[in-house]
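Read off the chains here:
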2 protein chains.
Amino acid sequence: MIHGGDVYTDGILKGKELIDYSSNINPLGVPQGFKENILKALDALTRYPDIKYRSLKEDLANYNNINKEYFILGNGAAEIIDLTISQEQSILIIAPSFGEYECSARKNNCRIIYSYLRETYIENIGYTLDYDYEDIMNKTKEVDAIVIGNPNNPNGEIIKKDKFIEILSYCNDNKKRVIIDEAFIEFIGDMSKSLINYTEKYSCLVIIRALTKFYAMPGIRFGYGICSDKKYLEEIRKKQLPWNINTFAEFAVSEVLRDSDYINKSIKWIKEERKFFLAELKKIELFEKVYETSGNFVLCKLKNLSDEKLYELTLQRGLLVRKCGSYEGLNNRYIRLAIKDRELNLKVLQIFKSIEGEV
Amino acid sequence: MIHGGDVYTDGILKGKELIDYSSNINPLGVPQGFKENILKALDALTRYPDIKYRSLKEDLANYNNINKEYFILGNGAAEIIDLTISQEQSILIIAPSFGEYECSARKNNCRIIYSYLRETYIENIGYTLDYDYEDIMNKTKEVDAIVIGNPNNPNGEIIKKDKFIEILSYCNDNKKRVIIDEAFIEFIGDMSKSLINYTEKYSCLVIIRALTKFYAMPGIRFGYGICSDKKYLEEIRKKQLPWNINTFAEFAVSEVLRDSDYINKSIKWIKEERKFFLAELKKIELFEKVYETSGNFVLCKLKNLSDEKLYELTLQRGLLVRKCGSYEGLNNRYIRLAIKDRELNLKVLQIFKSIEGEV
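Everything numeric here is computed off the predicted structure, so don't read it as measured data. (Residues numbered from 1 in each chain as written. Chains lettered and ligands numbered in written order. Predicted model: local features only at pLDDT ≥ 70, side-chain atom pairs only at ≥ 80, totals over all residues. Heavy atoms only, no water.)

> Teacher, can you tell me more about the overall build of chain A here?
Across its full length, chain A carries 12 helices and 15 strands. In terms of overall size, chain A behaves like a compact globule, its C-alpha atoms giving a radius of gyration of 20 Å where 359 residues would be expected to give roughly 21 Å. When the backbone C-alpha atoms are referred to their principal axes, chain A occupies close to 60 × 55 × 35 Å. Burial statistics for chain A: of 359 residues in total, 64% are counted as buried. Within chain A, contacts between residues separated by at least 24 positions form 71% of all contacts whose residues are at least 6 apart in sequence. A total of about 14,100 Å² of accessible surface is found on chain A, and carbon and sulfur atoms cover 45% of it. Side chains of chain A carry 52 positive and 53 negative charges; the gap between the two charge centres is 1 Å. (Helix = DSSP H or I, 4+ residues; strand = E, 2+ residues; numbered from the N terminus. Rg over C-alpha atoms; globule rule 2.2 N^0.38 Å. Buried < 20%, exposed > 50% of the residue type's maximum accessible area, 1.4 Å probe, protein only. Contact = heavy atoms within 4.5 Å. Areas by Shrake-Rupley, 256 points an atom, 1.4 Å probe, with all protein chains shown as cover. Lys, Arg positive; Asp, Glu negative; His and termini not counted. Charge placed at Lys NZ, Arg CZ, Asp CG, Glu CD.)

Below, the structure is given as structure tokens:
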């Protein structure tokens, strides 16, 4: 299991509907504005998208308040991850983190070094898995680039700017690339946690964003990168296919980014439910540890059973969880859960309680 | 100008609506069945597509009556073109042909050799630009692979199977890849002209198809390849990104391929209009030669003016044509025109007549 979100193998293709807690999608669903204006996109479908995606880039520039020339567009954030990693000979990857970093590195014959997250117990807060900034700094010297999630998947920790700035500055001075994956940044509920505003000063920095998770449309395939090093962007753009962004994605960007009602509702939801779901999960006997998170997902360490066993038990009850045995730095004692709306979160808690009685 | 279909630079972005004869899209528009069922796709948008695209491949297998394991899916036919060419060290390209073959070859450091089309005048028919089968056979010996359009873009000539089979057989015996781009095959109006049924016998053969042109949805980004060499497919699949096909494309395939009403209407249209438009174009004094075509586009040689000059003159009248100066094997005396419905074709003929009086 390299990816979550496979509701097909054990679900749809067997005629079963599953509650999917293995992929981290906003439960508020596709923004209404996009749905209502879908016919406009249908009209545009018969012509090729603008090969330069000019108005799309302007929408992104306005939303992020960043120079439109700093953008590179991808068929999903996965394309930007792959393009950036394909440029490097060696890379430092945080472990555990999103499996696509390793897939891209291997595919592109890029050597991997890991920096492992450090577990800490903080009184009155709980368990955290934090970046080891000192270790990252030391290991960065041995590689061409580093890739790091903000927040990091699967644990949801965010970058502390005051600790990271030294690494960023070192990389900029020594021509090492810093790739920060902010695919889940909106779920923090505080955009000041983003490092996007450092792109102007640090040309080594590439920020990667996705539209798919926060706006609940992973099927639309759209992600983007931001970097002030125009020569670098030119180089990686050469590797891209013409018309890599489809009309619906082009159209969605113009609709959803300005949907402040959806954004506000989503932030209200995630702040409430993250607090509630974490507190309730900590009461479940199946879990030895429930890690603090700033994302819309939560990493849990299992007490007495394997991820495989729990997967089977929840699947019998119609729930899909993310086994974490495939993550470098974790083992088969971890699962990741999405955070959804109250009704589903309660249902999922109920499922765990029913399993407690059985194991 | 490497690609047609740019209605943005001189049109939309300047607030002008243009008649686009530079890209070759079915004028019947997006099939009704797709439009009517778009809400189903919206529902599916909130989950990731099946990473293995299992039911999508089954739909394609049924439509083409080909083993479902022979398929590889792309974010547009452009992705399949790029993947196949990226596997080769040297390639034979027909000139003129679709510019993406050369772009991909250059991007992947693949050496290019050209085989030029041969102009022939056939009594009672007219000018044709045909493949030079003998030259192709000879030059094939010097390369790893050949890529050839069926029908070929920009002229619309199709492969004569009895002449090509020797080349195909030679390539199969000598482990050379044969890539046939059938992106416009449906417009011939006779699917027996496809070489798809040779894929089983000749494992060197890769057929490339698109959904975007015949079903009038270039914005949806979907193409596919067919090859019986499973080991080869495995190898090129490794280069692909996860979830490279978006939900709308996945959904469109299941809707449009079985839309026999749309298919029949389209074939009736193209057969009538191709005949009509060609006959009328031959009467226009601006053109020295109008080449026979089996596609939904037609290559014309200009008599006394450059493609740049004609482009300016038609643009002033709201019409976008495809300049052909960028094609290897052509020069600035050629343009390519789409074939559309009677109303538009008449309008375009009228525009040419008005220009005749001016130059």
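> It is not clear to me how the domain arrangement of chain A should be interpreted in this structure. Could you clarify?
One frequent convention defines the size of an interface as the accessible area lost when the parts assemble. Residue and element names in this part refer to chain A. What the domain assignment reports for chain A is domain 1 (12–28 + 261–356) and domain 2 (32–256). A separation of 24 Å is found between the C-alpha centroids of domain 1 and domain 2. Across the boundary between the two partners, domain 1 contributes 28 residues, which contact 31 residues of domain 2. Roughly 2,500 Å² is buried in total at the junction of domain 1 and domain 2, and carbon and sulfur atoms are behind 63% of that figure. Our enumeration of links across domain 1 and domain 2 arrives at one salt bridge. Run the count over domain 1 and domain 2 and you get 15 residue pairs in polar contact (both at pLDDT 80 or more). Counting only elements with at least two residues in the side of domain 1 that touches domain 2, the list comes to helix 10 (260–281), strand 11 (287–290) and strand 12 (297–302). (Domains from an automatic or database assignment. Buried area = accessible area lost by both parts, 1.4 Å probe. Salt bridge = Lys/Arg side-chain N within 4 Å of Asp/Glu carboxyl O. Polar contact = N/O pair within 3.5 Å; in protein donor to acceptor, adjacent residues only side chain to side chain.)

> Please explain helix 12 (residues 342–356) of chain B as it appears in this structure.
Each turn of an α-helix holds 3.6 residues, which means side chains three or four residues apart point in the same direction. All names here are of chain B. If you check helix 12, its first and last C-alpha atoms are 21 Å apart, about what 15 residues at 1.5 Å a residue would give, namely 21 Å. Taken residue by residue, helix 12 has N345, V348, L349, I351, F352 and I355 as its buried positions. The arc that holds the buried residues of helix 12, viewed along the axis, is 155 degrees, so those residues lie on one side. If you follow the buried residues of helix 12, they end up packed against strand 1 (19–20), helix 10 (260–281), strand 11 (287–290), helix 11 (307–316), strand 13 (319–320) and strand 15 (334–338). (Expected span 1.5 Å × (residues − 1). Arc of directions from axis to C-beta.)

> What am I meant to see in unusual backbone geometry here?
When glycine is set aside, most residues are seen to have a negative phi, and most peptide bonds are trans. Residues and elements named next belong to chain A. Of the consecutive residues N150 and P151, the connecting peptide bond is found in the cis state with omega at 0 degrees. Residue position: P151 is located in the loop between strand 7 (145–149) and helix 7 (161–173). One non-glycine residue, W243, lies in positive phi territory at about 50 degrees. With respect to the element layout, W243 can be found in the loop between helix 8 (230–237) and helix 9 (247–256). What makes W243 buried here is its relative accessible area of 7%.

> What am I meant to see in the interface of chain B and chain A here?
Between chain B and chain A, the contact holds 49 residues from the first and 49 residues from the second. Of the roughly 4,200 Å² buried where chain B meets chain A, counting both sides, 66% is carbon and sulfur surface. Three residues, Y8(B), Y48(B) and L241(B), lead the burial of chain B against chain A; their summed loss comes to 16% of the area buried on that side. Taken together, chain B and chain A are joined by two salt bridges. R54(B) is the salt-bridge partner of D6(A), the closest N and O atoms lying 3.8 Å from each other. Across the contact surface, chain B and chain A share 20 residue pairs in polar contact (both at pLDDT 80 or more).

> Explain the environment of S22(A) here, please?
Residues and elements named next belong to chain A. Position of S22 among the secondary structure elements: in the loop between strand 1 (19–20) and helix 1 (32–36). Accessibility expressed as a relative area gives 1% for S22, which makes it buried. In sequence terms S22 and D6 are 16 residues apart; their C-alpha atoms lie 7.9 Å from each other. With residues up to four places along the chain from it excluded, the contact list for S22 reads G4, G5, D6, L320, V321, R322 and R336. A distance of 2.6 Å separates a polar atom in the side chain of S22 from a polar atom in the side chain of D20.

> For this particular structure, what's the right way to read the pattern of salt bridges?
Pairing of side chains with opposite charge becomes possible as their charged atoms draw close. Residues and elements named next belong to chain B. Applying the stated rule across the entire model yields 50 salt bridges over all chains. The residue R342 makes a salt bridge to E273 at a minimum N-O spacing of 2.7 Å. Residue R342 is located in helix 12, and its partner E273 is located in helix 10; the two are separated by 69 residues in the primary sequence. Take E273: its relative accessible area is 4%, and that puts it in the buried class.

> I keep staring at the sheet that holds strand 12 (residues 297–302) of chain B and nothing clicks. Help me out?
Within a sheet, neighbouring strands are paired by backbone hydrogen bonds and run either parallel or antiparallel to one another. All names here are of chain B. Pairing in this open sheet of four strands is antiparallel, and the strands run 11-12-15-14 from one edge to the other. Looking along the sheet, the strands with just one partner apiece sit at the ends: strand 11 and strand 14 (322–323). Across two bridges, strand 14 lies against strand 15 in antiparallel orientation. Note on strand 15: the bridge partner recorded for R322 is R336. (Pairing = 2+ DSSP bridges.)

> Quick question: what am I supposed to make of the relation of the copies chain B and chain A here?
The pair of chain copies shares a relation made of a rotation about an axis and a shift along it. Take chain B, turn it by 180 degrees, move it 0.0 Å along the axis, and it overlays chain A with an RMSD of 0.0 Å. Within this description, the copies of the chain are treated as partners about a two-fold rotation axis. (Least-squares fit on C-alpha atoms with pLDDT ≥ 70 in both.)

> I would appreciate a short explanation of the sheet that holds strand 8 (residues 177–181) of chain B in the present structure.
All names here are of chain B. Within the open sheet, the seven strands sit side by side as 2-10-9-8-7-3-4. Their pairing is mixed. In the strand order of this sheet, the two ends are held by strand 2 (71–74) and strand 4 (111–116), each with one partner. Across the sheet, the mean angle from the axis of one strand to that of its neighbour is 20 degrees, orientation sign disregarded. As paired elements, strand 8 and strand 9 (residues 205–210) share four bridges and run parallel to each other. Directly across from V178, in strand 9, lies its bridge partner L205. The strands touched by helix 4 (residues 77–86) within the sheet are strand 2, strand 3 (90–95), strand 8, strand 9 and strand 10 (223–226), with strand 9 carrying the most contacts at an inclination of about 160 degrees. Each of strand 2, strand 8 and strand 9 touches helix 8 (residues 230–237); the most contacted strand, strand 2, lies at about 25 degrees to it. (Axes fitted to C-alpha atoms, helices over the stretch in contact; angles between N-to-C directions.)

> Got a minute to help me understand the UniProt feature "domain: Aminotransferase class I/classII large" (unreviewed entry) in chain A in this structure?
The positions UniProt marks with the feature "domain: Aminotransferase class I/classII large" (unreviewed entry) are residues 17–343 of chain A. The span residues 17–343 of chain A shows a helical share of 35% and a strand share of 20%, and its end C-alpha atoms are spaced 17 Å apart. (UniProt positions renumbered as here; feature names shortened; annotations may be inferred.)

> It is not clear to me how the side chain of S104(B) should be interpreted in this structure. Could you clarify?
Residues and elements named next belong to chain B. Tracing the sequence through the fold places S104 in helix 5 (residues 100–107). In this structure S104 comes out as buried when scored by relative accessible area, which is 2%. Reaching out from S104, the side chain makes a polar contact with the side chain of D82 at a distance of 2.7 Å. Not counting chain neighbours up to four residues away, the residues in contact with S104 comprise I81, D82 and I85.

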